[in-house]
Amino acid sequence: MLGKKILSSATTEETEQIGRALAEELLQSGKKSAFIALYGDLGVGKTAFTRGFVSAICPAARVKSPTYTVVNEYRGGILPVFHFDMYRIDGEDDLYSTGFYDYLDSGYLLSEWSENIPFALPKERIAVTIEKSGVDTRRITLEAFE
Ligand SMILES: Nc1ncnc2c1ncn2[C@@H]1O[C@H](COP(=O)(O)OP(=O)(O)O)[C@@H](O)[C@H]1O
Ligand SMILES: [Mg+2]
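Each chain carries its own residue numbering, running from 1 in the direction its sequence is written. Here every chain gets a letter starting at A, and every ligand a number starting at 1, in the order they are written. Given that the model is predicted, a residue must reach a pLDDT of at least 70 before its local features are reported, and side-chain atom pairs must reach 80 or more before they are shown or counted; all residues, however, enter totals for whole chains, interfaces and linings. Note: side-chain values were computed over all heavy atoms of the structure, leaving out hydrogens and water.

## What about the overall build of the protein?
Part 1 of the reasoning: In terms of regular secondary structure, the protein is built from four helices and seven strands.
Part 2 of the reasoning: When the elements of the protein are put in sequence order from the N terminus, they spell out β-α-β-α-β-β-α-α-β-β-β.
Part 3 of the reasoning: Here the radius of gyration uses the C-alpha set of atoms, whereas the globule reference equals 2.2 Å times the residue count to the power 0.38. Its C-alpha radius of gyration of 14 Å places the protein within 12% of the 15 Å reference for a compact globule of 146 residues.
Part 4 of the reasoning: For the C-alpha atoms alone, the extent of the protein along its principal axes is close to 40 × 30 × 30 Å.
Part 5 of the reasoning: Any residue under 20% of the maximum accessible area for its type is buried, any over 50% is exposed, and the rest in between are partly exposed; the area is computed with a 1.4 Å probe on protein chains only. Out of the 146 residues in the protein, the part that is buried amounts to 49%.
Part 6 of the reasoning: Of the contacts formed within the protein by residues at least 6 apart in sequence, a portion of 62% connects residues at least 24 apart.
Part 7 of the reasoning: Per-residue and other accessible areas follow the Shrake-Rupley method at a 1.4 Å probe size, with only the shown protein chains counted as cover for residues. When the accessible area of the protein is evaluated, it comes to approximately 7,600 Å², of which 50% is carbon and sulfur surface. Counting from the N terminus, the helices are DSSP H or I runs at least four residues long and the strands are E runs at least two residues long. Contacts: residue pairs with any heavy atoms within 4.5 Å of one another.

## Observations concerning the coordination of the magnesium ion (ligand 2)
Part 1 of the reasoning: Water is not among the atoms examined, so metal sites may look incomplete; donors are the N, O and S atoms within 2.8 Å of the metal, or within 3.2 Å for Na, K and Ca. Around the magnesium ion (ligand 2), the protein contributes the donor atoms Thr47 (OG1) and Glu112 (OE), which lie 2.2 Å from the metal centre. Separated by 65 residues along the polypeptide, Thr47 in helix H2 (residues 46-55) and Glu112 in strand S5 (residues 108-112) bring together distant segments of the chain.
Part 2 of the reasoning: With relative accessibility at 17%, the residue Thr47 sits in the buried group.
Part 3 of the reasoning: Judged by relative accessible area, Glu112 falls into the buried class, the value being 3%.

## Side note on the pattern of salt bridges
Part 1 of the reasoning: Salt-bridge detection follows one rule: a side-chain nitrogen of Lys or Arg within 4 Å of a carboxyl oxygen of Asp or Glu. Using the criterion set out here, one finds five salt bridges in the structure.
Part 2 of the reasoning: Residue Glu124 pairs with Lys31 through a salt bridge whose shortest N-O separation is 3.5 Å. Residue Glu124 is found in the loop between S5 and strand S6 (125-132), and its partner Lys31 is found in the loop between helix H1 (12-28) and strand S2 (34-39); the two are separated by 93 residues along the sequence.
Part 3 of the reasoning: Between Glu73 and Arg75 there is a salt bridge, with its nearest N and O atoms 2.8 Å apart.
Part 4 of the reasoning: You can call Arg75 exposed: its relative accessible area is 52%.

## Considering the site of ligand 1
Part 1 of the reasoning: Residue proximity to a molecule or strand is established when one non-hydrogen atom of the residue lies within 4 Å of it. Around ligand 1 sit 16 residues, and of these Thr12, Thr15, Gly43, Lys46 and Asp136 come closest.
Part 2 of the reasoning: Here a polar contact means two N or O atoms within 3.5 Å. Within protein one must be a hydrogen donor candidate and the other an acceptor candidate, and residues neighboring in sequence count only if both atoms are side-chain atoms. Contacts to ligand 1 include Thr15, whose side-chain N or O atom sits 2.6 Å from a nitrogen atom.
Part 3 of the reasoning: Here an oxygen atom of ligand 1 and a backbone polar atom of Thr47 are 2.9 Å apart.
Part 4 of the reasoning: Notes on ligand 1: free accessible area 570 Å², of which the protein chains cover 74%.
Part 5 of the reasoning: Elements that contribute at least two residues to the shell around ligand 1 include exactly H1 and H2.
Part 6 of the reasoning: Considering each element in turn, the shell around ligand 1 owes the most residues, three residues, to H2.

## Some words on the layout of surface pockets
Part 1 of the reasoning: A volume near 280 Å³ is recorded for the largest pocket.
Part 2 of the reasoning: In terms of lining, the largest pocket is formed by 18 residues, of which the most central are Ser33, Ala34, Phe35, Glu124 and Arg125.
Part 3 of the reasoning: Of all the secondary structure elements, the ones that give two or more residues to the lining of the largest pocket are S2, S6 and strand S7 (138-145).
Part 4 of the reasoning: The class makeup of the residues in the lining of the largest pocket is 11 nonpolar, two polar and five charged. The method works on a 1 Å grid over the protein atoms by themselves. A cavity is a set of points holding a 1.4 Å probe that cannot get out, a pocket is an open set with protein on both sides within 12 Å along at least five of seven lines, and residues with an atom within 4 Å of a point line them. Grid points are joined across faces, edges and corners, and a volume is the space filled by probe spheres set on the points. Side-chain classes follow a simple rule in which Ala, Val, Leu, Ile, Met, Phe, Trp, Tyr, Cys and Pro form the nonpolar group, Asp, Glu, Lys and Arg form the charged group, and the remainder, Gly included, forms the polar group.

Written out as C-alpha cells, the structure reads:
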C-alpha cells in the first residue's frame, strides 16, 4: 500500500471488508511481513478491522480481542498473523516481556492501541486510524510509512 487513503464505513461488516482488502493487497504485493499500527478509542472497530484482515489469510480463525492475553497468534493460514492489544502495555520493558520483538518480521502483525508503543513502531508500517463519525459510522484513515 502506498500513500494515504481515507475511507468511510457505515457497518461493522464494511469495516471488516476494509481490513480484508488491506490483507489482500499485502498478499498480492508479495510481502511476507508487515506491521499494521491500529489507533482509535475503545469500541471504535479495531478488532472488527482485524477480524476482516485475518479472514483473508486464515479463514478458519476465530478472532477475539487479545486484551487479556496481549497477543493472539493465527498460524493456520497463508502466513502467520499476530494480533496484539497494547492497551495494558506500560513502557519498553513491559512490551519486551510480551515477546513482541521476536514476532516482528515473522508474519503480519496488527497492533491495537499503538498509541501506547510509539517507541517500538517499525519505520516501515501501515497506520490505520479509526474514528467514530456517528453511532455506526466510522472514518478510517490508512497511511503507509516507509
Ligand atoms: N461501522 C462500524 N465499524 C466497526 N464497528 C462497528 C461499526 N458500527 C458499529 N460497530 C460496532 O462497534 C463495536 C466495535 O468493537 P471492536 O471491534 O471490538 O472495537 P475495538 O477493538 O476498537 O475496541 C462492535 O460492537 C461493532 O459491532
Ligand atoms: Mg479491540
